[in-house]
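Remarks on the overall topology
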Amino acid sequence: MRTISASTAGLWKSAHPGPTLVVTALSGVLAVGAGVDLWRGLLLVAAVFFGQLSVGLSNDAIDAERDRAVQRKDKPIARGDISVSAAWVGAGGSLLLALLLSAPLGWVLLIAHAAALVSAWSYNLGLKATVVSVVPYMVTFGLFPSLSTLAHDSGQWASGWAWVAGAALGVALHMTNVLPDLDDDAQTGIRGLPHRLGGTAAAAVASVTLVFGAAAVAAGPVQWQISDIPAISWLLCGVVVLLASVTVLLSLTGRPGRVQFQVVMLAALMLAVQLVISGGSLVH
Ligand SMILES: CC(C)=CCC/C(C)=C/CC/C(C)=C/COP(=O)(O)OP(=O)(O)O
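Here is what the cut-offs are and how they apply
- Residues numbered from 1 in each chain as written.
- Predicted model: local features only at pLDDT ≥ 70, side-chain atom pairs only at ≥ 80, totals over all residues.
- Heavy atoms only, no water.
- Phe/Tyr/Trp six-rings, centres within 6.5 Å; stacked < 30°, edge-to-face > 60°.
- Helix = DSSP H or I, 4+ residues; strand = E, 2+ residues; numbered from the N terminus.
- Buried < 20%, exposed > 50% of the residue type's maximum accessible area, 1.4 Å probe, protein only.
- UniProt positions renumbered as here; feature names shortened; annotations may be inferred.
- Axes fitted to C-alpha atoms, helices over the stretch in contact; angles between N-to-C directions.
- Parallel < 35°, antiparallel > 145°, perpendicular 65-115°, else oblique.
- Contact = heavy atoms within 4.5 Å.
- Nonpolar A, V, L, I, M, F, W, Y, C, P; charged D, E, K, R; others polar.
- Salt bridge = Lys/Arg side-chain N within 4 Å of Asp/Glu carboxyl O.

1. Here we look at the packing of aromatic side chains
Here a ring pair, both rings aromatic, is described through the centre-centre distance and the interplanar angle of the planes. Overall, the coordinates contain 7 aromatic pairs when judged by the stated rule. With 6.2 Å between their ring centres and 40° between their planes, W12 and F49 make a pair best called tilted. Placement of W12 in helix α1 (residues 4-14) and of F49 in helix α3 (residues 38-69) is noted, with a sequence separation of 37 residues between them. With relative accessibility at 22%, the residue F49 sits in the partly exposed group. Seen from their ring centres, Y123 and Y137 are 5.1 Å apart, and the 90° between their planes marks the pair as edge-to-face. Separated by 14 residues along the polypeptide, Y123 in helix α6 (residues 107-124) and Y137 in helix α7 (residues 134-151) bring together distant segments of the chain. For the pair formed by Y123 and Y137, the shared burial category is buried. An aromatic cluster of three or more residues is present, and its members are Y123, Y137, F141 and F144.

Laid out in structure tokens, this is it:
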């Protein structure tokens, strides 16, 4: 019989803990940048955390058969550590909590968060195997900065540049997240956009979109007046260009893809921190 702690550990591992924590941290940093009150910020961070748990758990529940077929050692369901139904209960409960925690922040925020989650679940439910696999990532991450600005009392949508930057980072995340799984996916019939492009081209697209996202975060808040970009933004933009080059170089040298995904997540966090340090506003 499985112990409670082993099941909890399995559920946590199944929820894609790395991306869950990074996306949750991003919501916190952006909430600070948007000047959200402490209690509203905490509610938002908790809502985003549970929303991400629901995305990660449902992803593994849906992929269970395929992951078993290729004997994925990193998947608790495929290893037999937890059951598919446990993952579904966790995913459903987390989704409910995400929506309940979003509701006190206003109905526009609730709808925006629900839309971001529907988009992410649509990836899990089938879009991941199609040529438009990147679209849910663009929609979810395009909406993402607005979750922080809508959580503010003034309840505004984020500016266009923030949608563009979020969508661009979403593309980079998708392109690099699938890199380590290209062979397993080929065996189980998953042919999303990065699979069709091939590993090196996907890494190249990730690098270009990463740099584009960094440019939008640096120049967007100053209405693309290049001379007004603060020194700290230039500096962090330079670091992102370096990270983007590393992403391509790692692919060209045939290194395992997990590192590229971690590089993109690090860059996304850095860009959010840059926005806060430079005092850039998400709403103009
Ligand atoms: C739009 C969207 C899904 C946003 C969610 C943000 C994010 C990066 C979540 C991580 C969990 C996840 C669904 C990864 C993709 O799984 P996979 O099945 O491609 O890869 P896997 O084999 O590692 O589970």
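This is not the end of the story, as more comes after the structure.
2. As for the UniProt feature "transmembrane region" (unreviewed entry) in the protein
Under the present numbering, the feature "transmembrane region" (unreviewed entry) in UniProt falls on residues 107-127, 134-151, 157-176, 197-219, 231-252 and 264-283. Structurally, residues 264-283 comprises 70% helix and 0% strand, and the distance from its first C-alpha atom to its last is 24 Å.

3. As for the packing of helix α2 (residues 17-33) against helix α13 (residues 258-277)
In contact at an axis separation of 8 Å, α2 and α13 are set at 10° when each is read in the N-to-C sense. By the angle class used here, α2 and α13 are roughly parallel. Contacts between α2 and α13 involve G18, P19, V22, A25, L26, V29, L30, V32 and G33 from the former and F261, M265, A268, L269, A272, V273, L275 and V276 from the latter. Looking at the contact of α2 with α13, its residues break down into 15 nonpolar, 2 polar and no charged.

4. With respect to the environment of V70
Here V70 shows up in the loop between α3 and α4 (76-79). Residues V70 and F50 lie 20 residues apart in sequence; the distance between their C-alpha atoms is 29 Å. Sequence-distant contacts of V70, defined by excluding residues within four places in its chain, comprise D184, Q187 and T188.

5. Topic: the pattern of salt bridges
Inspection of every chain in the model, using the stated rule, returns 10 salt bridges. Ionic pairing is found between K75 and D60, a salt bridge with its closest N-O pair at 2.9 Å. With K75 in the loop between α3 and α4 and D60 in helix α3, this pair connects stretches of sequence that are 15 residues apart. For the salt bridge of R66 with D63, the shortest nitrogen-to-oxygen distance reads 2.7 Å. Separated by 3 residues within a single helix, R66 and D63 lie in helix α3, roughly one turn from each other. We classify D63 as buried; its relative accessible area is 4%. In this structure, a network of salt bridges that share partners links the residues R72, D74, D181 and R258.

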